[in-house]
Amino acid sequence: MEKETIKKLVEYYLPYISAVKGAAYKQQDISEKQLNHICTYAKNVEYEDILGLIDFTVTGSAKDGMVFTIEGIYYKEIGRKPNHILYKNICKVEINNFAKKDNDNEILFYCNDEGTWDDQIISSFVRKTLLAELLEEIAEQMAQPFEISFSSEKLDEEKEDT
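Residues numbered from 1 in each chain as written. Predicted model: local features only at pLDDT ≥ 70, side-chain atom pairs only at ≥ 80, totals over all residues. Heavy atoms only, no water.

### Observations concerning the overall build of the protein chain
Right, on to step 1. Looking only at helices and strands, the protein chain features three helices and nine strands.
Right, on to step 2. Within the protein chain, the fraction of its 162 residues that count as buried is 46%.
Right, on to step 3. For the protein chain, long-range pairs separated by at least 24 residues make up 52% of all intrachain contacts whose partners lie at least 6 apart in sequence.
Right, on to step 4. Taken as a whole, the protein chain presents about 8800 Å² of accessible surface, with 45% of it coming from carbon and sulfur. (Helix = DSSP H or I, 4+ residues; strand = E, 2+ residues; numbered from the N terminus. Buried < 20%, exposed > 50% of the residue type's maximum accessible area, 1.4 Å probe, protein only. Contact = heavy atoms within 4.5 Å. Areas by Shrake-Rupley, 256 points an atom, 1.4 Å probe, with all protein chains shown as cover.)

Shown next as structure tokens:
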């Protein structure tokens, strides 16, 4: 899949995925201060590979946030360890659709065929359905199987950081 195709998809969806006005940044709009913070959870990612950022902080520091790259997403939520998921490894996302607002739901990532989820994003800065749609479009471009499902039950326990 061409880098340009992923870039266009991310740039199109980015402002819509962000549930907070002014929290979405294209690569060229990311400040040096934000970039320094991004490097703490998107380690070994080259600046050229960063496509966009959704800042999860109210101060605009990007100490917590979601970085979209050519290969996948890197994210750090308040009080949680940083993580990343490569687009090519995602086979399914499930949106736990228990809240009135999409950004208050949670999204689970499945990167295996075992039926167990690998990680989740719960930040209210992200519209989960639109994030799932972006990931589905990227999967289509990569010609890989992908599924979106919805559940109306909230998880009783958050997956423990390992």
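### Quick look at helix H3 (residues 128-141)
Each α-helix winds once per 3.6 residues, and so residues spaced three or four apart point in a common direction.
Right, on to step 1. Here H3 spans 20 Å end to end across 14 residues, near enough to the 20 Å set by a 1.5 Å rise per residue.
Right, on to step 2. For H3, the complete set of buried residues consists of Lys128, Leu131, Ala132, Leu134, Leu135, Ile138 and Ala139. One side of H3 carries all its buried residues, which in axial view fall inside an arc of 160°. (Expected span 1.5 Å × (residues − 1). Arc of directions from axis to C-beta.)

### A closer look at the confidence of the model for the protein chain
One rule of thumb: low pLDDT means the predicted coordinates there are not for detailed reading.
Right, on to step 1. Across the protein chain, the average pLDDT comes to 86, with 85% of residues at 70 or higher.
Right, on to step 2. Ignoring residues within four places in sequence, the model shows residues 155-162, a span with pLDDT below 50, making 15 contacts including any to other chains. (pLDDT = per-residue confidence, 0-100.)

### Brief notes about the pattern of salt bridges
Right, on to step 1. Tallied over the full model, the rule gives three salt bridges.
Right, on to step 2. Put simply, Arg80 and Glu77 hold a salt bridge, and the shortest N to O gap is 2.8 Å. This pair shows no difference in class: Arg80 is buried, exactly as Glu77 is.
Right, on to step 3. A salt bridge links Arg80 to Asp119; the shortest N-O distance between them is 3.4 Å. Highlighted residues: Arg80 in the loop between strand S4 (72-76) and strand S5 (83-86) and Asp119 in strand S8 (residues 119-121), separated in sequence by 39 residues.
Right, on to step 4. Each of Glu77, Arg80 and Asp119 takes part in salt bridges that share partners, so that together they form one network. (Salt bridge = Lys/Arg side-chain N within 4 Å of Asp/Glu carboxyl O.)

### Remarks on the environment of Thr40
Right, on to step 1. Within the element layout of this structure, Thr40 appears in the loop between helix H2 (32-38) and strand S2 (50-55).
Right, on to step 2. Thr40 gets classed as partly exposed once you look at its relative accessible area, which sits at 44%.
Right, on to step 3. For the pair Thr40 and Lys76, spaced 36 residues apart in the sequence, the C-alpha separation amounts to 9.1 Å.
Right, on to step 4. Side-chain polar atoms of Thr40 contact the backbone oxygen of His37, separated by 2.6 Å. (Polar contact = N/O pair within 3.5 Å; in protein donor to acceptor, adjacent residues only side chain to side chain.)

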